[in-house]
Every structure is written in C-alpha cells, then in structure tokens.
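# A closer look at the structure
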Amino acid sequence: RTRMRMDSSTAGGTGPVKVDLWLWHYEPSGTGVLADLLSQQERDRAAKFTNPQHAARYIFAHAQMRQALAPFCGIMAQELVFETGAYGKPGIAHGPQFNLSHSGDMVALAVCPDRPIGVDIERHRPFDPGIVTRFFSEREQRALSGLTGKDLENAFFRVWTRKEAIIKALGLGLSMPLDRFDVSAEPQARILRIDPTYGAAADWDLVNFDPAYAFRGALAVEARGQALDITVRAGAVQL
C-alpha cells in the first residue's frame, strides 16, 4: 500500500495520502548563509549550544526545514512562523503537517498536507540494554529477548525509531507512556497494538527506511486505511 518514488516537484493533487520525505547530509560549509533564514528565536537557541558543531547542525537542519516547507505555504523560508503545541510539537497555522528528526550527520523531514505525521532517524551506536526493560512494552521485550549482536542492535533501533515516530506524530511527547503501544521488531514495520485512548492501530501506517549506512528510520502517518504515496525529495532511501 506504500509507493515510493524519487521526485523534485511539489506534492499535490488528490488520491493516496501524499507524503514528502526529505533527507539531507549535514554540510558545514553553508551554515553561515543558512542562519539568515532562521528566526531570531532559532538563532538565539543555536547560540546557546556549547558545542559549535551542535549549533551548526541545528542551523543546518532548521534552515533546510524552512526551505522545504516554504513552497507549501507560498511564502519565503524566513517568513515562516512556527507555533508550538501543548507538548512541544511545532506546527504552522494553516500549513502542512510536518516533523523533523536529526541524528549524527543526517537530517530527515516528513511533510503531509493534512494528516498527522512523525519521523525519527537514529544512528546506530552502543546502547544500554536496560532501555528495553524500562521503556519497551512487554510484547516488544519478548521480541528482543534472546537476540544478540547485530540482530539485537537492528531490532532495538527498529523498535526505538518506530515508537518515536508514533509519539511524534501524535504530538504527545513523553506524556504518552512508551508501553501503551506495541510495534514490530522485524523488518516489516507495523503497529501491533495501541491503547484506545490514543486511537486505533488500524488508523496508522508505519514505514521503515534506512537513510544511510548504519542509520535506521521510521515514518508514522495517520492514513486511516488509505494508501501512502511517499516522495523522497533528497538523497536515497531503502525501504
């Protein structure tokens, strides 16, 4: 039910649920110019980073996000005004739904005109196995039990990114306990269960993607049974 295509035009029209998935590799050389696209609030936040590289990556990610979102709103990138939801999720009044994620030197942005959407990317790195017992549901813990080495690493980051994408799509932050829903640990991404308080599992589509070597990504869209038409706007992606 999910179709991927490479395109450089702006999504539009009717039919399946349209999703733009933007992927960028961090490029430090242009951050000085990109900073001019940010709001004063964003520039102030960048200035608070003690690590200059973290500041540069923040500027890069937010400037790229603004340039990608501006055509949907018919204004210049620097004119975008973001609103913050009750749990911290940014949005644009009368604009598309969107979500930003960055890890290491990769940035991902998911955009959908009219459906809640969340995206998460994570660079593979050593992790504390205790995270599984503290934050994953019992069903997810069972799926990871007995796995070791690369099998455990792959399964862990599949579950982690899928759970993050769902929470980000719902816009609830950590106010939604991570054990209130189950996701699959195998390559095929699925929501297996969700507390009825937060909706129905059948309303959501999960898509697994690998934005780069040693990275894991997940996209969550409240498609409500409609097919997804996902357009990759930059870089290459593996589903």
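Residues numbered from 1 in each chain as written. Predicted model: local features only at pLDDT ≥ 70, side-chain atom pairs only at ≥ 80, totals over all residues. Heavy atoms only, no water.

### Comments concerning helix H6 (residues 149-170)
What counts is decided by this rule: The helix and strand labels rest on DSSP assignments: H or I over at least four residues marks a helix, E over at least two residues marks a strand, and numbering proceeds from the N terminus. Each helix should span, by expectation, one fewer than its residue count multiplied by 1.5 Å. Summary of the burial criterion: residues with accessible area below 20% of their type's maximum are buried, those above 50% are exposed, and those between are partly exposed, where the area comes from a 1.4 Å probe applied to protein chains only.
Over its 22 residues, H6 runs 32 Å from end to end, which matches the ideal 32 Å to within 8%, given 1.5 Å per residue. For H6, the tally of buried residues reaches 16 of 22 residues, placing the bulk of the element in the interior. Following H6 by one or two positions, Gly171 adopts a phi angle in the positive range, close to 70 degrees.

### As for the packing of aromatic side chains
The following threshold applies: Aromatic contacts are taken between Phe, Tyr and Trp rings whose centres are within 6.5 Å, Trp giving its six-membered ring; a plane angle under 30 degrees counts as stacked, one over 60 as edge-to-face, and the others as tilted.
Scanning the model with the defined rule gives 10 aromatic pairs in all. Aromatic side chains Phe156 and Trp160 sit 6.1 Å apart centroid to centroid with 15 degrees between the ring planes, which places their arrangement in the stacked category. Remark: Trp160 and Phe156 occur in helix H6; sequence separation between them is 4 residues, near one turn of the helix. A relative accessible area of 2% means that Phe156 is categorised as buried. Since its relative accessible area comes to 19%, Trp160 is described here as buried.

### A few points about the pattern of salt bridges
Applicable threshold: Take a side-chain nitrogen of Lys or Arg and a carboxyl oxygen of Asp or Glu: if they are within 4 Å of each other, that pair is a salt bridge.
Scanning the entire structure with this criterion turns up 13 salt bridges. The closest approach of N and O atoms between Asp229 and Lys18, which form a salt bridge, is 3.1 Å. Of this pair, Asp229 sits in strand E12 (residues 228-232) while Lys18 sits in strand E2 (residues 17-25), placing them 211 residues apart in sequence. Under the relative-accessibility criterion, Asp229 is labelled buried at 1%.

### What about the environment of Thr161?
Note the following rule: By the convention used here, residues are in contact when the closest approach between their heavy atoms is within 4.5 Å.
Take Thr161: it is sitting in helix H6. Not counting residues within four places of it along the chain, the set of residues in contact with Thr161 comprises Asp120, Ile121, Glu122, Arg216, Gly217 and Ala218.

### Side note on the confidence of the model for the protein chain
Counted only if it meets this: One confidence number per residue, pLDDT, is output by the predictor and ranges from 0 to 100.
This prediction gives the protein chain a mean pLDDT of 89; 92% of its residues lie at or above 70. This model gives residues 6-13 a pLDDT under 50, and the stretch forms 14 contacts once residues within four places in sequence are excluded.

### So, helix H3 (residues 52-73)
Keep this limit in mind: Each polar contact in these results corresponds to two N or O atoms within 3.5 Å; when the atoms are within protein, one needs to be able to donate a hydrogen and the other to accept it, and residues that are neighboring in sequence are counted only if both atoms are side-chain atoms.
Across its 22 residues, H3 extends 31 Å between first and last C-alpha, which sits within 8% of the 32 Å expected from 1.5 Å per residue. Two or three places before Gln53, at the opening of H3, Asn51 has a side-chain oxygen 2.8 Å from that residue's backbone nitrogen.

### Thoughts on the sheet that holds strand E10 (residues 205-209)
As a reminder of what qualifies: Pairing between two strands requires that DSSP report at least two bridges joining them. Lines fitted to C-alpha atoms define the axes, with helix axes restricted to the stretch in contact, and inter-axis angles between N-to-C directions lie between 0 and 180 degrees.
The 3 strands are arranged E7-E11-E10 in an open sheet whose pairing can be described as antiparallel. What marks the edges here is a single partner per strand, and that holds for strand E7 (117-123) and E10. Mean inter-strand twist for the sheet, computed between neighbouring axes without regard to direction, equals 15 degrees. Sheet topology places E7 next to strand E11 (residues 215-221); 7 bridges connect them, and they run antiparallel. What sits directly across from Ile117, in E11, is Val221. Taken strand by strand, H6 contacts E7, E10 and E11, and its axis lies near 150 degrees from that of E7.

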